[in-house]
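One letter stands for each residue in the lines below.
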Amino acid sequence: MSTGIVIKNMNGYFYIQDEFGTIHECKVRGRIKKSKYSLLVGDRVEFSEDGFVETILPRHNSMIRPAVANIDQVILVVASHNPDINELLLDKMLVMIEHADIPVILCINKYDVGDASTDVLIDKYKSIGYHVITTSAINHIGIDELRNHLQHKVTAFAGPSGVGKSSLLNAVDEKFAFQTGEISDKIKRGKHTTRHASLFSLNADSFIMDTPGFSSIEFTDITLERLPTLFPEFSDYVEACKFNPCYHEHEPICGIKEALANHKIFESRYDAYTNIRKDIQNQRKRFKND
């Protein structure tokens, strides 16, 4: 029996990389198919010499969208310029990652073309408590720091289109582009397929997760009660709320609104909270009408 990590799921086959870097094409035993756990990219498994997955080893987390398991961290990439940072989109993605309970590092790429507003934004998110790094693939700014963060972890890269995620990965390790093609050739698909999550190996125990769908914004599994807990800076002020639960909108005595009035919470973050709250309410209405 051998152990490995699922790096790809395609057409009923699971591609598993063992501890030596060899990729095995496997199928799943019927008893696993009937269990409550579906096999996901990122799962650690035991598999037999005849090419069958025998056991799914315990997970430390999993996600529905995208359907992946055992992510150690998310590198959320935005660009200083071209495209400019959309803070509402950034906050929505941070909420999704917080909901999945996965550590996140905010990466400000293209820092070489940033300006004073870039540094203001960096200070803002650092003050909230997020770990922020700055990078530039062209000028090799922050690449060594980024590479260090990737060691011994399964890392998902997320962020809007055009922010330079692929360029960053190629700067971290030039074999990344080659490996993307190598694995895609093995499974007989195009080299830039983004329909399914995939893992790419930087070394024996460091993986990059290509996660199509990670950047799509859906809040269908976030409740109105859960939402305030996904803004870390709110936690210092919720005890001052009179009502429990407090939705921090129309309640007369609210610690969050008081902190907002006293400039202890950024207005843009509170606006993001109310925007997402409306999204969740609208999704509930659509669900009831369907």
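Refer to the structure above for everything that follows.
Residues numbered from 1 in each chain as written. Predicted model: local features only at pLDDT ≥ 70, side-chain atom pairs only at ≥ 80, totals over all residues. Heavy atoms only, no water.

Visitor: For the environment of Pro160, give the residues involved together with the corresponding values.
Guide: Along the chain, Pro160 falls in the loop between strand S11 (154–158) and helix H5 (165–172). Sequence spacing of Pro160 and Leu89 is 71 residues, and the spatial spacing of their C-alpha atoms is 8.5 Å. The contact partners of Pro160, leaving out residues within four places of it in the chain, are Val77, Val78, Leu89 and Lys165. (Helix = DSSP H or I, 4+ residues; strand = E, 2+ residues; numbered from the N terminus. Contact = heavy atoms within 4.5 Å.)

Visitor: Quick rundown of the environment of Thr134? Include the residues and the values.
Guide: Tracing the sequence through the fold places Thr134 in strand S10 (residues 131–134). Considering only alpha carbons, one finds Thr134 and Ile108, 26 residues apart in sequence, at a separation of 4.8 Å. Not counting chain neighbours up to four residues away, the residues in contact with Thr134 comprise Ile108, Tyr111, Ile122, Ile141 and Gly142.

Visitor: Account for unusual backbone geometry, naming residues and giving values.
Guide: Pro83 follows Asn82 through a cis peptide bond whose omega is 5 degrees. Along the chain, Pro83 turns up in the loop between strand S8 (73–79) and helix H2 (87–99). Along the chain, Asn244 connects to Pro245 via a cis peptide bond; the corresponding omega equals 5 degrees. Examined against the element boundaries, Pro245 turns out to sit in the loop between strand S13 (206–210) and helix H7 (255–261).

Visitor: Tell me about the sheet that holds S8, and name the residues and values.
Guide: One open sheet accounts for 6 strands, arranged S10-S9-S8-S11-S13-S12; its pairing is mixed. Since the sheet does not close on itself, it has two edges, and those belong to S10 and strand S12 (198–203), each with one partner. Each adjacent strand pair in this sheet contributes to an overall mean axis angle of 25 degrees, direction not counted. Packed onto the sheet, H2 meets S8, strand S9 (104–109) and S11 and runs at close to 175 degrees relative to S8. (Pairing = 2+ DSSP bridges. Axes fitted to C-alpha atoms, helices over the stretch in contact; angles between N-to-C directions.)

Visitor: Outline the pattern of salt bridges, listing residues and values.
Guide: The full count for this structure, using the stated rule, is 9 salt bridges. Close ionic contact of Asp43 with Arg59 constitutes a salt bridge, the shortest N to O distance being 2.7 Å. Of the two residues, Asp43 is situated in the loop between helix H1 (30–33) and strand S4 (44–47) and Arg59 in the loop between strand S5 (52–56) and strand S6 (62–63); the sequence distance between them amounts to 16 residues. Looking at Asp43, the relative accessible area reads 0%, which means it is buried. For Glu249, the salt bridge identified is with Arg277, shortest N-O distance 2.8 Å. Of this pair, Glu249 sits in the loop between S13 and H7 while Arg277 sits in helix H8 (residues 267–289), and the two are 28 residues apart along the sequence. (Salt bridge = Lys/Arg side-chain N within 4 Å of Asp/Glu carboxyl O. Buried < 20%, exposed > 50% of the residue type's maximum accessible area, 1.4 Å probe, protein only.)

Visitor: Let's hear about the side chain of Lys124: which residues, and what values?
Guide: Within the secondary structure, Lys124 is located in helix H3 (residues 116–128). Assessed through its relative accessible area of 10%, Lys124 is described here as buried. Leave out the neighbours within four places in its chain, and Lys124 touches Glu87, Phe266, Ser268 and Arg269.

Visitor: Please set out a negative patch on the surface residue by residue, giving values where relevant.
Guide: Together, Asp84, Asp115, Asp119 and Asp123 give the surface a local cluster of negative charge. You can call Asp115 partly exposed: its relative accessible area is 48%. (Patch = residues over 30% accessible without salt bridge, like charges linked within 9 Å, V, L, I, M, F, W, Y side chains within 5 Å. Areas by Shrake-Rupley, 256 points an atom, 1.4 Å probe, with all protein chains shown as cover. Lys, Arg positive; Asp, Glu negative; His and termini not counted. Charge placed at Lys NZ, Arg CZ, Asp CG, Glu CD.)

Visitor: Which residues make up the sheet that holds S4, and what are the values?
Guide: Strand pairing within a sheet occurs via backbone hydrogen bonds; the two strands may be parallel or antiparallel. An order of S1-S2-S3-S5-S4 is seen for the 5 strands of this closed barrel, with the pairing classed as mixed. Across this sheet, the average inter-strand angle for adjacent strands is 55 degrees, counted without regard to direction.

Visitor: Please set out the nonpolar core residue by residue, giving values where relevant.
Guide: Grouped together as the largest cluster of nonpolar side chains are 44 residues, with contacts concentrated most on Leu76 and Tyr125. Residues within four places of Leu76 in sequence aside, it is in contact with Leu90, Met93, Leu94, Ile97, Val104, Ile105, Leu106, Cys107, Ala158 and Gly159. In terms of nonpolar packing, the next biggest core, distinct from the first, is built from 21 residues, Val95, Leu227, Cys246 and Tyr270 among them. (Core = buried A, V, L, I, M, F, W, Y, C linked by side-chain atoms within 4.5 Å.)

Visitor: Outline the packing of helix H4 (residues 143–150) against H5, listing residues and values.
Guide: Viewed as axis vectors pointing N to C, H4 and H5 meet at an angle of 85 degrees, and their least axial separation amounts to 9 Å. With respect to each other, H4 and H5 are oriented roughly perpendicular. For the pair formed by H4 and H5, the contact residues are Ile143, Leu146, Arg147 and Leu150 on the first element and Leu168, Ala171 and Val172 on the second. Its residues assigned to classes, the contact of H4 with H5 shows 6 nonpolar, no polar and 1 charged. (Parallel < 35°, antiparallel > 145°, perpendicular 65-115°, else oblique. Nonpolar A, V, L, I, M, F, W, Y, C, P; charged D, E, K, R; others polar.)

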